[in-house]
Amino acid sequence: MSKFDPKHAEILDSKDRDADDILRLLELGEEDIVLDLGTGTGFLTLPLLDIVRKVYAVDVQEEMLDRLREKCDTCENVDILLNEEGHIPVPSGAVDKAFLVNVLHEIDDRGTFDELYRVMKQEGEVCVVDWDKDVEGDGGPPDHERLTLDGAIEMMNEHGFTVFKTGKTKTHFHACFRKDAPV
Ligand SMILES: C[S@@+](CC[C@H](N)C(=O)[O-])C[C@H]1O[C@@H](n2cnc3c(N)ncnc32)[C@H](O)[C@@H]1O
């Protein structure tokens, strides 16, 4: 899968995007520890910092994280962390809620989802939002890189998460999952 090109990073900060619509998908509490996996320029991380106790803002591209750092030099409740494919540099069982926004289609190493399972608290919740493979010609990533909503649910099921809420917009699907008990 191709990674988002940092040259186009300003698209991620477009005024047309509404982070609140995504944040509302999970019930966030002020004591929550949240993972924003594939944070990019911090589209979701920045508003999260005003709502929750701490955010782990994680991305595989240092250039994206540098852009977030520029916006965040006085933020105290964020850990901005570079990861490698297949690894999430966060302690086991540390995370109450996680968001993966427009990143699922870029993840190459399925070990990333085992890592997601490892870092989530028991019953922790994960919200996945991504370009819908069932929609064509909407300007997002190429078809062969995308997943359908059903494909995303199947993949998360295989890694120990059960879906509890789904929906679609014109271009995207979302699905919210809860971490299953270990088998
Ligand atoms: C399209 S951007 C979306 C950024 C942000 N979530 C947003 O909605 O604005 C996808 C981001 O995911 C990152 N990414 C891709 N694969 C990743 C992985 N395995 N782990 C962490 N980040 C990843 C890319 O570097 C890129 O910054």
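That block above? That's the structure.
Residues numbered from 1 in each chain as written. Predicted model: local features only at pLDDT ≥ 70, side-chain atom pairs only at ≥ 80, totals over all residues.

Trainee: It is not clear to me how the overall build of the chain should be interpreted in this structure. Could you clarify?
Mentor: When you go through the chain residue by residue, the secondary structure sums to six helices and seven strands. Put simply, the chain runs from its N terminus to its C terminus through helices and strands in the order α-α-β-α-β-α-β-β-α-β-α-β-β. Against the compact-globule benchmark of 16 Å for 183 residues, the chain has a radius of gyration of 15 Å, which places it among compact chains. Expressed as lengths along the three principal axes of its C-alpha atoms, the size of the chain is roughly 40 × 40 × 30 Å. Split into buried and exposed, the 183 residues of the chain put 38% on the buried side. (Helix = DSSP H or I, 4+ residues; strand = E, 2+ residues; numbered from the N terminus. Rg over C-alpha atoms; globule rule 2.2 N^0.38 Å. Buried ≥ 20, exposed ≤ 12 C-beta atoms within 10 Å, placed from the backbone.)

Trainee: Could you clarify how one ought to interpret helix α4 (residues 62-71) in this entry?
Mentor: Residues three or four positions apart in an α-helix share a direction because the helix packs 3.6 residues into each turn. Buried within α4 are the following residues: Met64, Leu65, Arg67 and Leu68. Angularly, the buried residues of α4 cover 155° about the axis, an arc narrow enough to put them on a single face. Turned more than 90 degrees off the buried face of α4, the exposed positions are Glu62, Glu63 and Glu70. Those residues of α4 hidden inside the fold are in contact with α1 (9-12), α3 (45-49), β2 (54-59) and β3 (78-82). (Arc of directions from axis to C-beta. Contact = placed C-beta atoms within 7 Å.)

Trainee: When you look at the environment of Val58 in this model, what are you seeing that I'm missing?
Mentor: Checked against the element boundaries, Val58 lands in strand β2. Excluding anything up to four places from it in sequence, Val58 contacts Leu35, Asp36, Leu37, Thr39, Leu81, Asn83, Ile88 and Pro89.

Trainee: What is the right way to read the sheet that holds strand β1 (residues 33-37) from this model?
Mentor: With mixed pairing, the seven strands of this open sheet are ordered in space as β3-β2-β1-β4-β5-β7-β6. The open sheet is flanked by β3 and β6 (161-168), the only strands paired with a single partner. Across this sheet, the average inter-strand angle for adjacent strands is 15°, counted without regard to direction. Pairing geometry for β2 and β3, over five bridges, is parallel. (Pairing = 2+ DSSP bridges. Axes fitted to C-alpha atoms, helices over the stretch in contact; angles between N-to-C directions.)

Trainee: What's the story with the pairing of β6 in this structure? I'm lost.
Mentor: Working note: regular strand, side chains alternate between the two faces of the sheet. In terms of strand pairing, β6 meets strand β7 (residues 172-179) through seven bridges, oriented antiparallel. Looking across to β7, one finds that Val163 is bridged to Phe177. Hairpin connection from β6 to β7: three residues lie between these consecutive antiparallel strands.

Trainee: What am I meant to see in the environment of Phe173 here?
Mentor: Looking at the element boundaries, Phe173 is found in strand β7. A tally of 25 C-beta atoms within 10 Å means that Phe173 is categorised as buried. Considered as a pair, Phe173 and Val58 are 115 residues apart in the sequence and their alpha carbons are 22 Å apart. For Phe173, the contacting residues outside a window of four places in its chain are Asp130, Asp132, Leu149, Ala152, Thr166 and Lys168.

Trainee: In this structure, what is going on with the pairing of β7? I would like to understand it.
Mentor: Within β7, six of the eight residues are buried, which leaves it mostly tucked inside the rest of the structure. Note: strand β5 (residues 120-131) against β7, seven bridges, orientation antiparallel. Within the sheet, the bridge partner assigned to Asp130 lies in β7 and is Phe173.

Trainee: I'm lost on the environment of Asp20 in this one. Help?
Mentor: Inspection of the secondary structure assignment puts Asp20 in helix α2 (residues 19-23). Between the alpha carbons of Asp20 and Thr169 there is a distance of 14 Å; along the sequence they are 149 residues apart.

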